[in-house]
Amino acid sequence: MTPVIEASDLVVRYGPATALDHVSLRVDAGELVALVGPNGAGKSTLVNTLSGILRPAEGSVSVHGRLAHVPEGRQLFGDLTVEDNLRLGGRRYRERDTAPVHAVLPRLADLRHRRAGTLSGGEQQMVAVGRALMSRPDVLAVDELSLGLAPLVVADLVEHLRELNARRGLAVLLIEQNARLALDLCSRAYVLEAGRIVATGPSGELAADARVSAAYLGGV
Ligand code: ATP
């Protein structure tokens, strides 16, 4: 398989604190991969390093194609319309046409003139996903898709990701504290704890692992 993200032996420090300790991760074209782990494990640090926001002290990141990042907390411009928030996502590639995003997330066409700050949490998350899609990415890194959202809203967003993957071959790296959700959607997963990858493999195998199950799935 062709990799879209290849990270090798990443070390990231904040001052004297080591947030990532020799982390390696790979996402292949068209793959759905989960990154799970507790609060403070380093998940956001890892995705910020993959997307180039943070520079590793050691190790390397290669991205083949375009990586788009849906950041934790959505980070929309609340005073701007949905349409203008989408356009900001395409700015780097001078992409202004929102029609392809409306085609996969039609709700965003209905909401196009609304100010992002007036939307529900689920709608805002959909705008954040749509904004990322504006760059026509090969891989989407989604940080905490489910945070603060009702289960039905999350299920709808997950279904959109599943469709984007199935129909357009979009690869997704899903960073989640909700391990059950992540392992259900993704075929392969990494478990990050205290800055280290402590387990990796097919999601089914990880879900069946007694230690992973006890720590992240609420039982054995
Ligand atoms: P969460 O789900 O809470 O965001 P996480 O797994 O994404 O957790 P990170 O946010 O990557 O974890 O944080 C990893 C470690 O690095 C934590 O101990 C955190 O306190 C620390 N950290 C994160 N950002 C900074 C920063 N800017 N300066 C100093 N330490 C930081």
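Since this is a predicted model, take the numbers as computed values, not measurements.

## Observations regarding the site of the ligand
The full set close to the ligand counts 13 residues, and Asn39, Gly40, Lys43, Ser44 and Thr45 are the nearest of them. For the ligand, an oxygen atom lies 2.8 Å from a polar atom in the backbone of Lys43. A distance of 3.2 Å separates an oxygen atom of the ligand from a polar side-chain atom of Gln177. For the ligand, the accessible surface in isolation is 630 Å², of which the surrounding protein chains cover 56%. Per element, the largest residue contribution to the shell around the ligand is three residues, and it comes from helix α1 (residues 43-50). Along the lines of polarity and charge, the residues of the shell around the ligand split into four nonpolar, six polar and three charged.

## Describing the sheet that holds strand β8 (residues 188-193)
With mixed pairing, the six strands of this open sheet are ordered in space as β5-β6-β7-β3-β8-β9. Since the sheet does not close on itself, it has two edges, and those belong to β5 (67-70) and β9 (196-202), each with one partner. Each neighbouring strand pair of the sheet contributes to a mean axis angle of 15°, computed without reference to strand direction. Pairing of strand β6 (residues 139-143) with strand β7 (residues 171-176), which is carried by five bridges, proceeds in the parallel orientation. Along β7, the bridge assignment pairs Val139 with Ala171. Each of β5 and β6 is contacted by helix α5 (residues 121-133), which is oriented at about 165° to β5, the strand it contacts most.

About the cut-offs
- Residues numbered from 1 in each chain as written.
- Predicted model: local features only at pLDDT ≥ 70, side-chain atom pairs only at ≥ 80, totals over all residues.
- Heavy atoms only, no water.
- Near = heavy atom within 4 Å.
- Polar contact = N/O pair within 3.5 Å; in protein donor to acceptor, adjacent residues only side chain to side chain.
- Areas by Shrake-Rupley, 256 points an atom, 1.4 Å probe, with all protein chains shown as cover.
- Helix = DSSP H or I, 4+ residues; strand = E, 2+ residues; numbered from the N terminus.
- Nonpolar A, V, L, I, M, F, W, Y, C, P; charged D, E, K, R; others polar.
- Pairing = 2+ DSSP bridges.
- Axes fitted to C-alpha atoms, helices over the stretch in contact; angles between N-to-C directions.
- Contact = heavy atoms within 4.5 Å.

Keep in mind these numbers describe shape, not what the thing actually does.
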